[in-house]
There are 6 protein chains.
Amino acid sequence: MIYLTRHEHFNAAHKLYNPAWTKEKNEEMFGKCANENWHGHNFELIVTVKGEINPDTGYFINVKDLSKIIQEHIIEKLDHKNLNLDVPFLKGVMPTTENLAIAIWNELSKHLPKEAQLHSVKIYETPRICVEYFG
Amino acid sequence: MIYLTRHEHFNAAHKLYNPAWTKEKNEEMFGKCANENWHGHNFELIVTVKGEINPDTGYFINVKDLSKIIQEHIIEKLDHKNLNLDVPFLKGVMPTTENLAIAIWNELSKHLPKEAQLHSVKIYETPRICVEYFG
Amino acid sequence: MIYLTRHEHFNAAHKLYNPAWTKEKNEEMFGKCANENWHGHNFELIVTVKGEINPDTGYFINVKDLSKIIQEHIIEKLDHKNLNLDVPFLKGVMPTTENLAIAIWNELSKHLPKEAQLHSVKIYETPRICVEYFG
Amino acid sequence: MIYLTRHEHFNAAHKLYNPAWTKEKNEEMFGKCANENWHGHNFELIVTVKGEINPDTGYFINVKDLSKIIQEHIIEKLDHKNLNLDVPFLKGVMPTTENLAIAIWNELSKHLPKEAQLHSVKIYETPRICVEYFG
Amino acid sequence: MIYLTRHEHFNAAHKLYNPAWTKEKNEEMFGKCANENWHGHNFELIVTVKGEINPDTGYFINVKDLSKIIQEHIIEKLDHKNLNLDVPFLKGVMPTTENLAIAIWNELSKHLPKEAQLHSVKIYETPRICVEYFG
Amino acid sequence: MIYLTRHEHFNAAHKLYNPAWTKEKNEEMFGKCANENWHGHNFELIVTVKGEINPDTGYFINVKDLSKIIQEHIIEKLDHKNLNLDVPFLKGVMPTTENLAIAIWNELSKHLPKEAQLHSVKIYETPRICVEYFG
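These numbers come from a predicted model, not from an experiment. (Residues numbered from 1 in each chain as written. Chains lettered and ligands numbered in written order. Predicted model: local features only at pLDDT ≥ 70, side-chain atom pairs only at ≥ 80, totals over all residues. Heavy atoms only, no water.)

Run through the environment of B:Y3, naming residues and quoting values.
Position of B:Y3 relative to the elements: it lies in strand β1 (residues 2-14). Given the relative accessible area of 16%, B:Y3 is considered buried. Counting along the chain gives 113 residues from B:Y3 to B:A116, while the straight-line C-alpha distance between them is 9.3 Å. Discounting residues that sit within four places of it in the chain, B:Y3 has contacts with B:T48, B:V49, B:K50, B:H119, F:C130, F:V131, F:E132 and F:F134. (Helix = DSSP H or I, 4+ residues; strand = E, 2+ residues; numbered from the N terminus. Buried < 20%, exposed > 50% of the residue type's maximum accessible area, 1.4 Å probe, protein only. Contact = heavy atoms within 4.5 Å.)

Right under this line is the structure:
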């Protein structure tokens, strides 16, 4: 069993705001992240898959194919978007990086070939904050 | 003459959209950056000042003081904000990274002590795109 | 279960020197790190906690709160200090990065709220050397 | 049990080409990596070992000794080499990064002292692609 | 006048070998870089252009257009290639990073629009070695 | 004319303390950097030289030779040292990064061959603070 990791990135806007709460409670809980006019990030997405090496090719999935799957099903839906408004697979989800990692895991695992098992989805929201989900 | 550089960072939302143009022309000119629902970045701000070393201290400005000036006059006004809507010194300015660098130069040069002359304002919009302005 | 990671940093001096040994044996064992006049590093501290997401907030601990806990209990005691002389929770400990990681684990785990379980303490001593401790 | 990680690097040429296949099939499977005139990378090699701390030294292996072992048995055989032609421990192996990680694991585990157990071999082929092997 | 910088990257093989010299002299002059079986790098290419901001767009060249020009005229000819054998604009040139920077400058300056003046071509051969050319 | 840059690094301890002042004034001027028990950094040293390319070699100085000169005359005297106590070329100098850059310039320019003219000495004290000197 060997682990292959691919880094991708996307830029997006979001805000953290629970509509069931007052503006004051949102600011107390989420601080500057509750700014009603949005803020944004360069998100770094790091996907790890695992599998058994095929002796004919020396790999279990071509990293270019892995990159295309992530681009088509994840990056194209997130890049230069508003995570609260524009993304079908985030509808009704508070777009914290934690929830984003879980939503990407759920979406991506539908589209990977059987020889590449999803191991983890890791997201850097800033260079000093990251979240990782193992399913 | 010696050059001192300080890195700061802020997260913000913006869009590139010229209200004098149609939606179609904006999309043609700015591509995904024209998304009406905004997108965002982790901006990295890199400020360089220059001066003559004071022999008593071994520096011309304490880097902590430089950092405080940048924090108070620039970062607090940009961090977790919408560059099109929330920033007094960007009112009426198309918030490209190019215009942002010039606006930061103009704002920052008002607040530096005379012994620290502003040399350049450099901004990374993503890890692969940056802009630099020398006044 | 989701994993949240926060990067912090501190600058400190130390030396590796076992007072039970001769100067020669210390130099043989620790090389340049035994320099009696000290040397130092920019240490990068990477703390990972894990927990269950609260559906109201989309997280299990606010990363700002996690950062404040690490700052107050760890960084303020280590930053711009001498690890052999100045740090109460390192008294009597050889300040290798290995021992530092364990001491930080022990100190930090006293101060985390119950919803954030400490998963790992990782320290880069230089960009090419790091140590990780899982308890 | 504590984990110590050392980063090393080497520059090498390779190509991905299965001699049992036609040129066309190689290009279909490996794309630009099948270029018969070779291409190359700055490989980043990240080795993690684990062990129990010796109270006299504060470590289980001196990181300088670990570095020397990796340099002597791995880096000197790979650096500025052709991975398809020049490396005894890669003879007959398709030099994908996946196979390279396994070969380095096998080679390195012969040369580590008993107090430092090999935990993982991780290789960045580019800053956005990496492979990890845990034995 | 404002400066815009774009980072691109390519992976390539090369060797440093002057055919007018003996093998011994080549090894004396170029060390491991003279390995006849080639070695390679992940080259990081950093292009800076300068111009006057257009008030309608807030930029002088769209960074996506700059990236396309570099991709089409430079990266497609260098990526996954052998710099000694495969690149028309390097024919007859010793492929040091120094000569590569000059050749890229000459090639790129033919293809830039008049509003974007080439300012510098910078290449990292490894993370610790770089070359810059200003024309 | 082409510019060649080499990154080197060293780890050292220092404190900022002017013996002509009281302890209180030192703490007021230098803050935590005045800690009498020292602190330290991983310093990153970035040296740029310039010259005319020799057509036989494709460079004006071999980067390995440049690295050896910096190692022998600068790094060996600074690495794992105390900048206030251990370094002959810093005797009597307040070891700020500003003064360190000037002292390295003066020392290094004595030892470079005539075909490699020193262009700049740049030092990162932390990843967010740097100083550059052009002579």
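Before we move on, can you summarise the packing of helix α2 (residues 63-78) of chain A against helix α3 (residues 97-109) of chain A with the specific residues and values?
Residues and elements named next belong to chain A. At a minimum axis distance of 10 Å, the contact between α2 and α3 shows a crossing angle of 140 degrees. Overall, the two elements α2 and α3 adopt an arrangement that is oblique. For α2 against α3, the interelement crossing comes out right-handed. Where α2 approaches α3, its residues I69, I70, H73, I74 and L78 are matched on the opposing element by L100, I104, E107 and L108. Partitioned by chemical class, the residues of the contact of α2 with α3 number seven nonpolar, one polar and one charged. (Axes fitted to C-alpha atoms, helices over the stretch in contact; angles between N-to-C directions. Parallel < 35°, antiparallel > 145°, perpendicular 65-115°, else oblique. Left-handed = near helix turned anticlockwise from the far one by under 90°. Nonpolar A, V, L, I, M, F, W, Y, C, P; charged D, E, K, R; others polar.)

Requested: an account of unusual backbone geometry, with residues and values cited.
Phi is mostly negative for residues that are not glycine, and the peptide bonds are mostly trans. Residue and element names in this part refer to chain B. Here the phi dihedral of H80 falls at roughly 60 degrees; this positive angle occurs in a residue that is not glycine. Relative to the helices and strands, H80 is located in the loop between α2 (63-78) and β3 (81-82). Note on H80: relative accessible area 6%, which makes it buried.

Quick rundown of the packing of aromatic side chains? Include the residues and the values.
All told, the structure shown has 30 aromatic pairs over all chains when counted by the stated rule. With a centroid separation of 6.0 Å and an interplanar angle of 25 degrees, the aromatic rings of F:W21 and F:F30 are classed as stacked. Neither residue differs from the other here; F:W21 and F:F30 are each classed as buried. A connected cluster of aromatic rings, assembled from ring pairs, spans A:W21, A:F30 and C:Y59. For E:K25, the ring lying beneath its charged end belongs to E:W21, and the centroid distance is 4.5 Å. (Phe/Tyr/Trp six-rings, centres within 6.5 Å; stacked < 30°, edge-to-face > 60°. Lys NZ or Arg CZ within 6 Å of the ring centre and 35° of its normal.)

An account of the interface of chain B and chain A is requested, with residue identities and associated values reported.
Chain B puts 21 residues into the contact, and the matching count from chain A is 21 residues. Together, B:N37, B:N42 and B:H80 form the three largest contributors to the area buried by chain B at its contact with chain A, with a combined 35%. On the surface where chain B and chain A come into contact, there are two salt bridges. The partner of A:D79 in a salt bridge is B:K32, with the nearest N and O atoms 2.6 Å apart. Taken together, the connections running from chain B to chain A amount to 17 residue pairs in polar contact (both at pLDDT 80 or more). Those elements that provide at least two residues to the side of chain B that touches chain A are β1, β2 (39-51), β3 and β4 (117-126) of chain B. The dominant element in the side of chain B that touches chain A, judged by the number of residues it contributes, is β2(B), at four residues. Taken together, the residues of the side of chain B that touches chain A break down into six nonpolar, ten polar and five charged. (Buried area = accessible area lost by both parts, 1.4 Å probe. Salt bridge = Lys/Arg side-chain N within 4 Å of Asp/Glu carboxyl O. Polar contact = N/O pair within 3.5 Å; in protein donor to acceptor, adjacent residues only side chain to side chain.)

Outline helix α3 (residues 97-109) of chain F, listing residues and values.
Taking 1.5 Å of rise per residue, 13 residues should cover 18 Å, and α3(F) covers 18 Å from first to last C-alpha, within 8% of that figure. In terms of burial, α3(F) is largely enclosed, as ten of its 13 residues are buried. Taken together, the buried positions of α3(F) are F:T97, F:E98, F:N99, F:L100, F:A101, F:A103, F:I104, F:W105, F:E107 and F:L108. For α3(F), the secondary structure elements touched by its buried residues are β1 of chain B together with β1 (2-14), β2 (39-51), α2 (63-78), β4 (117-126) and β5 (129-133) of chain F. (Expected span 1.5 Å × (residues − 1).)

Which residues make up the relation of the copies chain A and chain D, and what values do they have?
For the match of chain A to chain D, the screw axis carries a shift of 0.0 Å, the RMSD comes to 0.0 Å, and the turn is 120 degrees. Classification of the inter-copy transformation places it as that of a three-fold axis. Identified as the residue of chain A closest to the rotation axis by C-alpha distance is A:P127, at 8.7 Å. (Least-squares fit on C-alpha atoms with pLDDT ≥ 70 in both.)

Go over the interface of chain A and chain D with me, naming the residues and quoting the values.
Counting residues at the interface gives 18 residues for chain A and 19 residues for chain D. Taking both sides of the interface into account, the surface hidden between chain A and chain D amounts to around 1,600 Å²; carbon and sulfur atoms contribute 56%. Among the residues of chain A in contact with chain D, A:I2, A:Y3 and A:H7 are the three that bury the most area, contributing 30% of the side total. Remark: the boundary between chain A and chain D carries one salt bridge. Where chain A touches chain D, the interface holds eight residue pairs in polar contact (both at pLDDT 80 or more). For the side of chain A that touches chain D, the element with the highest residue contribution is strand β1 (residues 2-14) of chain A, accounting for eight residues. Tallied by class, residues from the side of chain A that touches chain D come to eight nonpolar, six polar and four charged. When β1(A) meets strand β5 (residues 129-133) of chain D, the two strands line up antiparallel, connected through four bridges. Its bridge partner being in β5(D), A:T5 is matched across the sheet by D:C130. (Pairing = 2+ DSSP bridges.)

Give me the lowdown on the environment of E:K64, citing residues and values where you can.
Residue and element names in this part refer to chain E. Counting through the fold element by element, K64 comes out in helix α2 (residues 63-78). Residue K64 is classed as partly exposed on the basis of its relative accessible area of 46%. Measuring from C-alpha to C-alpha, the distance between K64 and R6 comes to 9.4 Å, with 58 residues separating the pair along the chain.

Give me the pairing of strand β5 (residues 129-133) of chain C: which residues, what numbers.
Residue and element names in this part refer to chain C. Buried residues dominate β5, accounting for five of its five residues. Neither face of β5 is exposed, since I129, V131 and Y133 on one face and C130 and E132 on the opposite face are all buried. Note: strand β4 (residues 117-126) against β5, five bridges, orientation antiparallel. Among the inter-strand pairings, Y124 is bridged to a residue of β5, identified as C130. As consecutive antiparallel partners, β4 and β5 are separated by two residues.

An account of the side chain of F:N42 is requested, with residue identities and associated values reported.
Among the structural elements, F:N42 can be located in strand β2. Judged by its relative accessible area of 12%, F:N42 is buried. Separated by 3.1 Å, the side chain of F:N42 and the backbone oxygen of C:N42 make a polar contact. Setting aside its immediate chain neighbours within four residues, F:N42 contacts C:G40, C:H41, C:N42, C:E125, C:T126, C:P127, F:F10, F:N11, F:Y124 and F:E125.

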